[in-house]
Amino acid sequence: MSSYALILDDHPLVARGAAEFLRARLPYLEVVVASHAQEFAPLVAERGPPAIALIDFWLSDGASLELVAQVRALCPGTALAVISGDDDPAVADRVRQAGAHGFIHKQAPPEVFAQAVEALLGGLAWFMPPAAAHGQPARSRDMPVTPAELGLSVRQGEVLALVLQGLPNKRIALQFDLSESTVKEHMSAILQRLGARTRVEAITQLRGRRLVLPPTPVD
């Protein structure tokens with residue numbers, strides 16, 4: 001097994017604090033700190049896969065779910081945990097679905113952090129619910145979600161994106177060069193899929209979520 005731990009966090013103070021704690025708690029492990037997702041692949045090429053990778057969920061270029069998938073592909077034997085201050089349970093769920101072995105809340109006491117790392121190094125999973133963390137909860141950010149994850153087509157996702165901006169059917173129809181009746185059909189399908197009766201209910205259900213559309217829309 002590799003003899004180093006990798007901490008990837010774009011907040012230097014947080015990353016260095018976690019690194020110093022791990023060095024004191026697990027002196028047999030070298031700890032390497034990185035600030036950007038782009039540093040991961042070169043580090044692995046130079047040093048080999050780490051024994052454990054601890055990745056901040058929110059990096060400078062957004063959520064780290066793609067990086068989680070990259071780590072799993074390049075380093076299948078690496079214990080992988082994501083760290084976040086978000087209290088939204090959906091964050092831990094998305095992390096698990098992306099293939100991570102653990103989720104550690106940033107408000108966890110240092111001893112709990114150490115227990116999590118030791119458990120992960122031992123081949124166990126560790127998913128601590130936000131309610132188990134102590135201290136002042138951090139503010140949640142909007143969780144990215146795609147139309148496909150909501151069970152919608154790309155076009156339905158595009159319509160929903162404009163609904164979330166407050167546009168009426170007539171404006172949406174003009175935007176996409178559609179008839180209003182076609183927009184209404186899309187809206188009916190969207191509401192049915194979301195289990196909502198009205199636009200207001202749909203918008204309320206998506207509070208805390210940020211709709212992400214594919215870069216190349218396809219009808």
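Predicted model, so just to flag it, every value in this text is computed and none were measured. (Residues numbered from 1 in each chain as written. Predicted model: local features only at pLDDT ≥ 70, side-chain atom pairs only at ≥ 80, totals over all residues. Heavy atoms only, no water.)

1. Some thoughts on the nonpolar core
Then, number 1: Core analysis: the biggest nonpolar cluster contains 27 residues, and L6, L8, F40, F57, L67, L80 and V95 have the highest contact counts within it.
Then, number 2: Listed by contribution, the elements that provide at least two residues to this core are β1 (4–8), β2 (30–34), α2 (40–47), β3 (52–56), β4 (58–59), α3 (65–74), β6 (79–84) and α4 (89–98).
Then, number 3: At 4 residues, the largest contribution of residues to this core is made by α3.
Then, number 4: In this structure L8 touches A34, S35, H36, A37, F40, L54, I55, D56, L59 and L67, once residues within four positions along its chain are discounted.
Then, number 5: Of all hydrophobic cores here, the second largest spans 21 residues; its members include I7, I83, L120 and L121. (Core = buried A, V, L, I, M, F, W, Y, C linked by side-chain atoms within 4.5 Å. Buried < 20%, exposed > 50% of the residue type's maximum accessible area, 1.4 Å probe, protein only. Helix = DSSP H or I, 4+ residues; strand = E, 2+ residues; numbered from the N terminus. Contact = heavy atoms within 4.5 Å.)

2. Remarks on the packing of aromatic side chains
Then, number 1: Scanning all chains against the criterion turns up 2 aromatic pairs.
Then, number 2: The interplanar angle of 85 degrees and the centroid separation of 5.0 Å between the aromatic rings of F57 and W58 together place this pair among those described as edge-to-face.
Then, number 3: F57 sits in the buried class, given a relative accessible area of 0%.
Then, number 4: Under the relative-accessibility criterion, W58 is labelled buried at 8%.
Then, number 5: We note R96 situated over the ring of F127; from NZ or CZ to the ring centre the distance is 3.9 Å. (Phe/Tyr/Trp six-rings, centres within 6.5 Å; stacked < 30°, edge-to-face > 60°. Lys NZ or Arg CZ within 6 Å of the ring centre and 35° of its normal.)

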